[in-house]
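# Summary of structural features
The primary structure of each chain is shown beneath.
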Amino acid sequence: MKTDQPITTDRTESVPAVAHDASSVPSDLSKGPQVAPLHIGSLSLATPILQAPIAGFTDLVFRRIVRELGGCGLMYTEMVSAGGWVRGNIPPERLVGVADEPGPLGVQLWDREPQMVEEAARRLVDLGVSVIDLNFGCPKKRIMGKQGAGAQLLRDPSTISRMIEATIRGAGEIPVTAKIRLGPNPDEITSLEVAHAAESAGAAALTVHGRTAKDGYGIPVNHLRIAEVVEAVSIPVIANGDVVDAASALEAFENTGAAGVMVARRCLSAPWVFREIAAALRGDPIPPQPTLLEQREQLLRHHAQLVEMHGDPFGTILMRKFAARYLTGVRGAKSFRAEVTIAANAAEFCRIVEQLFPVAEDTERHEQHPQAEDAELTEPECHSDGAEQSR
């Protein structure tokens, strides 16, 4: 991977919590928390805003779009099965393009065997990645049950310690981090114990999703629990969950004291959300969303790049799930989604976009909270490699 020089910022403005309105933030920034530049080990990020690893979505083409729009301090590939990669059972399709991609860039691994993540980390060193993250938060039954990994390991801090230590051995100078949930279920809140284990093992930072594995995405994120982890450890803690716009990001900083925020589902339908949050942190006006015409052009570029990379019809098939997330909050989008998600090839895809994608700027928008409509679409899953991309 092409590594950029570390970027530091001089951003020291205080940022207040505000109502959920992405169009503006208060000009009086004197009463909120100071948000310092985020350092993960030796890596300095331009902004404390991270893009979550999302299986089936955060591929090379999507990351290009996020990078072009700006504001994101650290992007991640899709989650990679360490054991599947090391044993050669699963081709590392999720790492396509990583070696030549501008940094900073992180890769998230999942497994439960220390020797697997150690060897996978060594291979990632050769690819020049910036951060190696370990997943201890995936709530999917396939990962927790059959594999005994993901959020299942929140019951076993000692194994988490061994996993982090092994990854550090393989990673050398590359920072190793971990991503967790609050616990397996509301009756087993283990986040503090796990956070202490991760820090003691040498983790450079910790991302905390403010729900338990059993909660899924069906309840509001618990900022208080994230704040407890922030207070309990000295390494940077990144708040994750329900960060959907500038206002909710500022609220997460205010309520948790976290060093950074991670955006997940919302960036799939609004990849410009990172520049909105970055503007709010600087105390600048929130930039306008791309016009519908600009969004249509972006959609067509996205599709064209996938077809160029994977051929047609497979590139079109991969694009269908992305296209379904465009037009969140726009009335009449359901007819577009219904057609575009069954497009059989590139010509049909382009015809559907031309006929059904609205471009009039007076198109009525929902007042619905953006995460609510995102949730109506198929949930991104932290499934094992290959399930999403099988031909």
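So, here is what we can say about the structure in this document. (Residues numbered from 1 in each chain as written. Predicted model: local features only at pLDDT ≥ 70, side-chain atom pairs only at ≥ 80, totals over all residues. Heavy atoms only, no water.)

A separate point is the overall build of the chain. When its secondary structure is counted, the chain shows 15 helices and 11 strands. Here the chain, with 391 residues, has 58% of them falling under the buried criterion. Total accessible area on the chain is roughly 15600 Å²; 50% of this is exposed by carbon and sulfur atoms. (Helix = DSSP H or I, 4+ residues; strand = E, 2+ residues; numbered from the N terminus. Buried < 20%, exposed > 50% of the residue type's maximum accessible area, 1.4 Å probe, protein only. Areas by Shrake-Rupley, 256 points an atom, 1.4 Å probe, with all protein chains shown as cover.)

Side-chain alternation along strand E11 (residues 260-263) places Gly260 and Met262 on one buried face and Val261 and Val263 on a second face that is also buried. Taken together, the 3 bridges between strand E3 (residues 49-51) and E11 define a ladder with parallel strand orientation. By the bridge assignment, isoleucine 49 is partnered in E11 with valine 261. Two strands pair when backbone bridges link them, and strand E10 (residues 237-240) and E11 are joined in this way by 3 bridges, in the parallel orientation. Bridged to isoleucine 238 within E11 is glycine 260. (Pairing = 2+ DSSP bridges.)

This part takes up helix H1 (residues 60-69). For H1, the buried fraction is high: 7 of the 10 residues fall into the buried class. Taken together, the buried positions of H1 are Leu60, Val61, Phe62, Arg63, Ile65, Val66 and Leu69. Where H1 terminates, the next one or two residues include glycine 70, which has phi positive at roughly 90°.

So, on to the packing of helix H11 (residues 292-310) against helix H14 (residues 346-356). Helix packing for two helices is described by the angle between their axes and how far apart those axes are. At their nearest, the axes of H11 and H14 sit 11 Å apart, and the two run at 175° to each other. In this view, H11 runs roughly antiparallel relative to H14, as classed from their interaxial angle. From H11, Arg296, Leu299, Leu300 and His303 reach across to H14, where they touch Ala346, Phe349, Cys350, Val353 and Glu354. For the contact of H11 with H14, the per-class residue count stands at 6 nonpolar, 1 polar and 2 charged. (Axes fitted to C-alpha atoms, helices over the stretch in contact; angles between N-to-C directions. Parallel < 35°, antiparallel > 145°, perpendicular 65-115°, else oblique. Contact = heavy atoms within 4.5 Å. Nonpolar A, V, L, I, M, F, W, Y, C, P; charged D, E, K, R; others polar.)

Glancing now at the packing of aromatic side chains. Tallied over the full model, the rule gives 3 aromatic pairs. Plain terms: the ring middles of phenylalanine 336 and phenylalanine 357 are 5.3 Å apart, the flat faces sit at 90° to each other, and that makes the pair edge-to-face. Taken together, the positions of phenylalanine 336 in helix H13 (residues 333-340) and phenylalanine 357 in the loop between H14 and helix H15 (370-376) put the pair 21 residues apart, joining distant regions of the chain. For phenylalanine 336, a relative accessible area of 0% corresponds to the buried category. Given a relative accessible area of 3%, phenylalanine 357 falls into the buried group. Grouped by ring-pair contacts, the aromatic residues Phe57, Phe62 and Phe322 constitute a single cluster. (Phe/Tyr/Trp six-rings, centres within 6.5 Å; stacked < 30°, edge-to-face > 60°.)

This brings us to the pattern of salt bridges. Throughout the structure, instances matching the rule amount to 13 salt bridges. The shortest N-O distance in the salt bridge between arginine 63 and glutamate 101 comes to 2.7 Å. Taken as a pair, arginine 63 in helix H1 and glutamate 101 in the loop between helix H2 (82-87) and strand E6 (105-110) lie far apart in primary sequence, 38 residues in all. For the pair arginine 63 and glutamate 101, a shared accessibility class is recorded, and that class is buried. A salt bridge links glutamate 228 to arginine 225; the nearest nitrogen and oxygen atoms lie 3.4 Å apart. Within this pair, glutamate 228 and its partner arginine 225 are both found in helix H7 (residues 223-232), separated by 3 residues, close to a single helical turn. You can call glutamate 228 partly exposed: its relative accessible area is 30%. Among the residues examined, arginine 225 registers a relative accessible area of 30% and is labelled partly exposed. (Salt bridge = Lys/Arg side-chain N within 4 Å of Asp/Glu carboxyl O.)

A few words now on the pairing of E6. For E6, the tally of buried residues reaches 6 of 6 residues, placing the bulk of the element in the interior. Of the two faces of E6, the one holding Leu105, Val107 and Leu109 and the one holding Gly106, Gln108 and Trp110 are both buried throughout. Bridge analysis of strand E4 (residues 75-76) against E6 gives 2 bridges, and the strand direction is parallel. Opposite tyrosine 76, over in E6, you have glycine 106 as the bridge partner. Examined bridge by bridge, strand E5 (residues 80-81) and E6 share 2 bridges and lie parallel to one another. Residue pairing across strands places valine 80 opposite leucine 109, the latter belonging to E6. By the bridge criterion, 4 bridges tie E6 to strand E7 (residues 131-136) in an arrangement that is parallel. Paired with glycine 106 across the two strands is valine 131, which belongs to E7. The parallel pair E6 and E7, bridged by helix H3 (residues 114-127), forms a crossover whose chirality is right-handed. (Right-handed = clockwise from strand over helix to strand, strands pointing away.)

Here proline 271 lies in the loop between helix H9 (266-269) and helix H10 (273-282). Note: C-alpha distance between proline 271 and glycine 71 (200 residues apart in sequence) is 9.8 Å. The residues touching proline 271, leaving out its near neighbours within four places in the chain, are Phe62, Ile65, Val66, Leu69 and Gln298.

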